[in-house]
Amino acid sequence: MITEVALEVLLILLGIGMLLAGIRAFLGPRITDRAVAADLIFFAFIGFIALIGLRVEIEALFDIILIATLLGFMSAISMARLGLGGKR
């Protein structure tokens, strides 16, 4: 199993990544920069929830994470299509 120290380090790194992506989303000059930053924030949040799930050992949480990841993937595809102007 993963150690508590490694879990803390991973949570801190994910928090830093979310903060940097939030700054990029705020300062991004184009809509595509903001879309990529929002996607990164979403998937970092999913990773954050997964690590919290490892800490508290709730097995049902991983089913919720799977569904949220699939929805996030669909939204990433939609944002990419929006960035292309609706072209395929």
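This one's a predicted model, so the numbers in the text were calculated from it and none came from an experiment.

S.K.: Whenever I open this one, the packing of helix α2 (residues 31–56) against helix α3 (residues 60–83) confuses me. Can you help?
M.R.: To characterise two packed helices, one gives the angle between the axes of the helices and the distance between these axes. Two elements in contact, α2 and α3, have axes separated by 10 Å at closest approach and are oriented at 175°. Considering their axes alone, α2 and α3 lie roughly antiparallel with respect to each other. Residue-level inspection shows Thr 32, Ala 35, Asp 39, Phe 42, Phe 43, Ile 46, Ile 49, Ala 50, Gly 53 and Leu 54 of α2 in contact with α3, the latter providing Leu 61, Phe 62, Ile 65, Ala 68, Thr 69, Gly 72, Phe 73, Ala 76, Met 79 and Gly 83. Tallied by class, the residues present in the contact of α2 with α3 amount to 14 nonpolar, five polar and one charged.

S.K.: Would you mind showing me how to read the side chain of Asp 33 here?
M.R.: Counting through the fold element by element, Asp 33 comes out in helix α2. Among all residues touching Asp 33, those that are not within four sequence positions of it are Arg 24 and Gly 28.

Definitions and cut-offs
- The numbering scheme is per chain: residues are counted from 1 as the chain's sequence reads.
- Local features in this predicted model are restricted to residues of pLDDT 70 or higher, and side-chain atom pairs are both shown and tallied only at a pLDDT of 80 or more, whereas totals for entire chains, interfaces and linings draw on every residue.
- To obtain the side-chain values, all non-hydrogen atoms of the structure were included, while hydrogens and water were left out.
- Axis lines are fitted to C-alpha atoms, over the contacting stretch for helices. Their N-to-C directions set the angle, which ranges from 0 to 180 degrees.
- Numbered from the N terminus, helices here are DSSP runs of H or I no shorter than four residues, and strands are runs of E no shorter than two.
- Each angle is binned into one of four classes, with values under 35 degrees roughly parallel, values over 145 roughly antiparallel, values of 65 to 115 roughly perpendicular, and all other values oblique.
- When checking whether two residues touch, look at their non-hydrogen atoms; a contact exists if any pair is within 4.5 Å.
- Residues were grouped as follows: Ala, Val, Leu, Ile, Met, Phe, Trp, Tyr, Cys and Pro as nonpolar; Asp, Glu, Lys and Arg as charged; and all remaining residues, including Gly, as polar.

Just geometry here; none of it tells us what the structure is for.
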